[in-house]
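# Working through the structure, step by step
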Amino acid sequence: MEMEKKKALDDLRKRFSGKIKETFLKFGDEIVIIERDSLLDVVKFLMKEPYSFTMLLDLTCVDHIGQENRFQMVYHLFSLSNNHRLRIKLSLPEKDPVVDSLTSFFKNANWLEREVYDMFGIQFNRHPDLRRLFMYEGFEGYPLRKDYPLRKRQPRIRLRK
Amino acid sequence: MSTKIQKEARRESMLLNMGPSHPAMHGTIRVMVELDSERILNSEVEVGYLHRGFEKTCEHRTYFNLLPYTDRLNYVSPLINNLGYVMTIEKMLGIDVPERAQYIRVIMSELSRISDHLTCLAAMAMECGAFTVFLYKIKAREFIWDVIERTTGARMTTSYIRIGGVRAELHPDWRDDLKKAIVETRKVLKDVHGLLDKNKIFLNRTRDIAVVSAQTAINYGWTGPCLRSTGVYYDVRKAHPYLVYDKIDFEVPLGERGDNFDRYMVRMKEMEQSLRIIEQAMEMIPEPSSPLQLMAEGMKPAEAIKASRAQKVEERIMLSPNLEGSEKERYKDISTAEKKYTVPPKEDTYTNIEGLINHFKFFMEKHGIRPPKGEVYFSVEGGNGELGFYIVSDGTDRPYRLHLRAPCFHLVSAMEEMIQGHYLADIIPTFGSLNMIGGELDR
């Protein structure tokens, strides 16, 4: 099991040498930082045997306001057969917060990406139905961005017909 | 403004709206269905009616202050939410928890799991018309909540599990209460098995309805009893053991078909395993270092403060009743030895300067608990599945970003696919078997 875990990271580094910025451990979690355009390839590679990261545990975003690459996407993949968790991160610039959608690989990515779009305003390429998930149509701004005030008021919207 | 299903529906089919407030939907969720007579052609699930901005709020609260918000996520098993959050912070801080506190945590989280499953199945059975089952299960839940209430002081919003340990010692006659709860729950489980397992009405509404294959379940990120009902062996308590679960002997019940009935059955069997865990933990829990009795005698706090100005106070101090169980003598059983990360004993705060300084250092802004910079993910097995917290710390006393991996988010996202092709009435047991909890799903 431990061998398999180590192998996944080594193979990943070998296969995508130019696309992987960094791999490291923090608080015991394995983290891989990749280039934005290589997300689909990396995930596709990791989903295959023997790594078999077949489950998308979680998908979210962090807003590092003030930095050039403001948004950081965070993906948690999980391999049931190897009992292995892996965190993949990539950065998106503030001016162009677009990333490929994982909906073609994982069905729960649909809602997870809608949530991230709703809360951070990140666009996902080739998402089948990108609209707000928790908030309503007509909500202004993206509430989990750091420049959205905690107690901001929203304009009144018309009743739905 | 029209939704997707309104735009795409065929002209000859009927559109029907269930929820967000519907007698058979025990949660605020809206399901729009496109019907061909009673058959569901398409559906659209709309969530977010209980969105309270949990994550945003947490970014503005200190690590200690945001604990009560976690109670309100999955409000039928608040202790597991507390545990998930607290253990994530402990992973960042790298602190050890006394063994007795770990056992208390195990007992409390298993009690919560039982109450979670009881509530889910009670609601599911009631919506199928089995009102007796509902009453029986709620009765069993009352016995469990009695134990929780007497120890934590609250039935639902407990905030009991704290960073570094637990808030208070178990109440003096916890063993008797717990034994009674176990006996009563066993009785109820037996009765419910008898009422539902071979009940034709229940079987017709659950057997082979909303079947989910193991592959689909994994692809949807399912965890917990719903994933196990499809036959996949994954339980966070076994895969990534935390607390003392690796010392305890228990099984992980699996289903075969992944239909509504299997989801019911896995939950029923899991409750039996939880009872087993509690029984073992009751035996294995280390003895407390001071006897578990009420400590009501002593000097009044105001007098103690006055007396401490002249000389060191040696007498025992009578604490307010809501601090019962967190007297100074108990701290080494229930809380970590690292003083920085816990509220100092009230006796010290009242009577000596170090205690007072510790108290202020703990609660003052920009002091308190400050985990090192970095990010962490940690998960526990919640009632619905893997309950994970992803926390980014920037070294201050507030989380820079806190994200909850809500297990039922992933479950409910599969609803549309599950009910497709079934009858309208099948929505109700299907939705019941998923155990959607608004507080956790919408955050």
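Only a predicted model underlies this, so the values are computations on that prediction, with no experimental measurement involved.

## Regarding the pairing of strand β5 (residues 84-92) of chain A
All names here are of chain A. Relative to β5, strand β2 (residues 29-34) is paired through 3 bridges, and the arrangement is parallel. For Ile31, the partnering residue across the bridge sits in β5 and is Arg87. In terms of strand pairing, strand β4 (residues 71-79) meets β5 through 9 bridges, oriented antiparallel. Bridging from a neighbouring strand, His76 pairs with Arg87 of β5. Between β4 and β5, which pair antiparallel and follow one another directly, the connecting turn spans 4 residues, one of which, Asn83, has a positive phi of 50°.

## Comments concerning helix α3 (residues 109-120) of chain A
The terminal C-alpha atoms of α3(A), which comprises 12 residues, lie 16 Å apart, in line with the 16 Å expected from a rise of 1.5 Å per residue. Taken across its 12 residues, α3(A) has 12 buried, putting it largely inside the fold. Looking only at α3(A), the buried set comprises A:Ala109, A:Asn110, A:Trp111, A:Leu112, A:Glu113, A:Arg114, A:Glu115, A:Val116, A:Tyr117, A:Asp118, A:Met119 and A:Phe120. At its buried positions, α3(A) is contacted by β3 (55-63), β4 and β7 (123-125) of chain A together with α17 (407-412) of chain B. A:Gly121 sits one or two positions beyond α3(A) and adopts a positive phi of about 75°.

## Focus on the sheet that holds strand β2 (residues 30-36) of chain B
Residues and elements named next belong to chain B. Pairing is antiparallel in the open sheet, where 3 strands are placed in the order β1-β2-β3. Each edge of the open sheet is held by one strand with a lone partner, namely β1 (14-18) and β3 (39-46). On average, each strand axis in the sheet is inclined to that of its neighbour by 20°, with strand direction left out of account.

## Let's talk about the interface of chain B and chain A
At the interface, 32 residues of chain B touch 29 residues of chain A. Counting only elements with at least two residues in the side of chain B that touches chain A, the list comes to α2 (54-59), α4 (78-93), α9 (214-219), β6 (374-381), β7 (386-393), β8 (399-405) and α17 of chain B. Top contributing element to the side of chain B that touches chain A by residue count: β6(B), with 4 residues. For the side of chain B that touches chain A, the residue count by class is 13 nonpolar, 11 polar and 8 charged.

## Thoughts on unusual backbone geometry
Residue and element names in this part refer to chain B. Unlike most non-glycine residues, Ser37 shows phi in positive territory, near 50°. Mapped onto the fold, Ser37 is located in the loop between β2 and β3. In this structure Ser37 comes out as exposed when scored by C-beta crowding, with 8 C-beta atoms within 10 Å.

What counts, and at which threshold
Residues numbered from 1 in each chain as written. Chains lettered and ligands numbered in written order. Predicted model: local features only at pLDDT ≥ 70, side-chain atom pairs only at ≥ 80, totals over all residues. Pairing = 2+ DSSP bridges. Helix = DSSP H or I, 4+ residues; strand = E, 2+ residues; numbered from the N terminus. Expected span 1.5 Å × (residues − 1). Buried ≥ 20, exposed ≤ 12 C-beta atoms within 10 Å, placed from the backbone. Contact = placed C-beta atoms within 7 Å. Axes fitted to C-alpha atoms, helices over the stretch in contact; angles between N-to-C directions. Nonpolar A, V, L, I, M, F, W, Y, C, P; charged D, E, K, R; others polar.

By themselves these figures say nothing about function.
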